[in-house]
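Letter by letter, the chains look like this.
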Amino acid sequence: MSPSSEQAAMVGPTQKVNLMGLSQKGLEAFFETLGEKRFRATQLLKWIHQLGVCDFQKMSNISKDLRNKLDELAEVRAPEVIEQWDSKDGTRKFLIRVAGGSAIETVFIPEGERGTLCVSSQVGCSLDCSFCATGKQGFNRDLTAAEIIGQVWIAAKSFGQLQECGTRRGDRKVTNVVLMGMGEPLLNFDNVVNAMSLMMDDNAFGISKRRVTLSTSGLVPALDRLGEYTDACLAISLHAPNDKLRNELVPLNKRYPIAQLLDSAKRYIDGLPDTHRKITIEYTLIDHVNDRPEHAQELAELLADVPVKINLIPFNPFSLSNYKRVSNNALRRFQQILIDAGYTTTIRTTRGEDIDAACGQLAGKVNDKTKRSQRYKLDQAAMLSSDSDIIPVKMVNS
Ligand code: SAH
Ligand code: SF4
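These numbers come from a predicted model, not from an experiment.

### So, the overall build of the chain
Part 1 of the reasoning: Helix and strand counts for the chain come out as 14 helices and 14 strands.
Part 2 of the reasoning: Evaluated residue by residue, the chain yields a buried proportion of 46% over its 398 residues.
Part 3 of the reasoning: Here the analysis covers contacts within the chain between residues at least 6 apart in sequence; of these, 68% occur between residues at least 24 apart.

In structure tokens:
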């Protein structure tokens, strides 16, 4: 992406350039236009993402003149937290206001030493997977890079991780980031890639490439380009072992079927400089939809030539869906078949359920431009008033 488009994306309502979302390259280009040396970029990155300082006047290694110039032209602005909830299991959910009257959700999940932040990439999602609460809300817009990295900044700040003067270092820390919140990251390519570079830059958050994961439902052309821009981990939301079933669950599959998607994912992993990296396959298990032993066997065969580990996600119910969570028996049976076939297969434990922070439950507030959310509400009202049996997959695709 050209620095000019990176900067254009950063201009906030005040028309000042928001430096929060500029990567090292973007900041270097910004300082060059001011006739300043490129090392200023490193200084700014550290002030913003390591020390949590937004006020240029507090940036003591920058001359008074330059601080004043920055005040005129630029700002460092994180999105605003509307509300924050803490689950009894330690999960913390943030509701974050973004420009345009919408709100997004970000979830922090502690697990021993590890602290995983689940970050949103769009306001809503246009792809409408049948089992996903975000999809039911329709779509408003892409998040800017500042709004994406701003979620990491907000969480880190809330744990005292940014070492601003007088701020105590907390015991919780963002050690991992997964782009598994609201939205399809590959539909917001430039902003996601820039935000990821800030997550991994040693002068910013410095998170290892093995601890930043992009999850996609399978936008093949964008996945084919991803390796030119990042070497982060990759998760594929598969959810079905064949095209017929996946077409029903993930409508995007009709455009980019499983074989194309797995080939593209393999090319990404093969292109990484370090060996032994594996693709994470995400498989949301829905009662009587994709949870049968035959599905597990078919999945094992499908993935035979792909370097993967498999993460099974019990479906989390939400109000606009008639799907049910997989039974514990079916879940264990499914996992065992995959383990017996030689796959590392984990089950994602549901976290933060008491604060609606579990996978697929993230909803925020989407000013829906697609009218889809309205249609789903009407569909549901019509169904509630009829006595007919409901076949969930048919219903969501009609
Ligand atoms: N759009 C991207 C990333 C966001 S979705 C993608 O689809 O990969 C992140 C993960 O949450 C996906 O694997 C998705 O399948 C899963 N998910 C969505 N709805 C869910 C639900 N109701 N229960 C459990 N997992 C869900
Ligand atoms: Fe969008 Fe991912 Fe939800 Fe599908 S699962 S609707 S791609 S957020």
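### Some details on the site of ligand 2
Part 1 of the reasoning: Looking at ligand 2, the residues that line it are Cys-125, Leu-127, Asp-128, Cys-129, Cys-132, Thr-134, Gly-135, Gly-183, Glu-184, Ser-217 and Ser-237.
Part 2 of the reasoning: When grouped by side-chain class, the residues that make up the shell around ligand 2 number four nonpolar, five polar and two charged.

### Section: the nonpolar core
Part 1 of the reasoning: Leu-19, Ile-149, Val-152, Val-177 and Met-199 are the most contacted members of the largest nonpolar core, which has 104 residues in total.
Part 2 of the reasoning: No other element matches helix α6 (residues 145-158), which puts nine residues into this core.
Part 3 of the reasoning: Of the residues that make up this core, three or more belong to each of domain 1 (14-75) and domain 2 (80-384).
Part 4 of the reasoning: Ignoring sequence-local partners within four residues, the contact set of Val-152 consists of Leu-117, Val-119, Val-174, Val-177, Met-199 and Phe-205.

### Side note on helix α10 (residues 258-270)
Part 1 of the reasoning: The first and last C-alpha atoms of α10 sit 18 Å apart over 13 residues, in line with the 18 Å expected at 1.5 Å per residue.
Part 2 of the reasoning: Contacts from the buried residues of α10 go to α8 (220-226), β11 (233-237), α9 (243-249) and β12 (279-285).

### So, the pairing of strand β3 (residues 80-86)
Part 1 of the reasoning: Note that β3 and strand β4 (residues 92-98) share six bridges and pair antiparallel. Along β4, the bridge assignment pairs Gln-84 with Phe-94.
Part 2 of the reasoning: Two successive antiparallel strands, β3 and β4, enclose a turn made up of five residues, where Gly-90 displays a positive phi of approximately 95°.

### So, the sheet that holds strand β6 (residues 114-118)
Part 1 of the reasoning: Read across the sheet, ten strands follow the order β3-β4-β5-β6-β9-β10-β11-β12-β13-β14 without closing on themselves; strand pairing throughout is mixed. In this open sheet, the two edge strands, each paired with only one partner strand, are β3 and β14 (345-347). For this sheet the average axis-to-axis angle between neighbouring strands, irrespective of direction, equals 20°.
Part 2 of the reasoning: Here strand β5 (residues 102-111) pairs with β6 via five bridges, running antiparallel. The residue of β6 that forms the bridge with Ile-109 is Thr-116.
Part 3 of the reasoning: Against the sheet, α6 contacts β3, β4, β5, β6 and β9 (176-179), and its axis sits at roughly 140° relative to β4.
Part 4 of the reasoning: Across the face of the sheet, α10 comes into contact with β11 and β12 while running at roughly 170° to β11.

### A word on the environment of Lys-278
Part 1 of the reasoning: Here Lys-278 shows up in the loop between α10 and β12.
Part 2 of the reasoning: For Lys-278, a count of 14 C-beta atoms within 10 Å puts it in the partly exposed group.
Part 3 of the reasoning: Along the chain, Lys-278 and Pro-307 lie 29 residues apart, while their C-alpha atoms are 5.2 Å from each other.
Part 4 of the reasoning: Excluding residues within four positions of it along the chain, Lys-278 makes contact with Pro-307, Val-308 and Lys-309.

### Regarding the environment of Ser-23
Part 1 of the reasoning: Secondary-structure assignment places Ser-23 in the loop between β1 (17-18) and α2 (24-33).
Part 2 of the reasoning: Put simply, Ser-23 and Ala-145 are 122 residues apart on the chain and 9.0 Å apart in space, counted from C-alpha to C-alpha.

### Details of the environment of Asp-305
Part 1 of the reasoning: Tracing the chain through its elements places Asp-305 in the loop between α11 (293-302) and β13 (308-314).
Part 2 of the reasoning: The sequence separation of Asp-305 and Lys-266 amounts to 39 residues, and the corresponding C-alpha distance is 9.3 Å.

Conventions used here
- Residues numbered from 1 in each chain as written.
- Chains lettered and ligands numbered in written order.
- Predicted model: local features only at pLDDT ≥ 70, side-chain atom pairs only at ≥ 80, totals over all residues.
- Helix = DSSP H or I, 4+ residues; strand = E, 2+ residues; numbered from the N terminus.
- Buried ≥ 20, exposed ≤ 12 C-beta atoms within 10 Å, placed from the backbone.
- Contact = placed C-beta atoms within 7 Å.
- Near = placed C-beta within 6 Å.
- Nonpolar A, V, L, I, M, F, W, Y, C, P; charged D, E, K, R; others polar.
- Core = buried A, V, L, I, M, F, W, Y, C linked by C-beta atoms within 7 Å.
- Domains from an automatic or database assignment.
- Expected span 1.5 Å × (residues − 1).
- Pairing = 2+ DSSP bridges.
- Axes fitted to C-alpha atoms, helices over the stretch in contact; angles between N-to-C directions.

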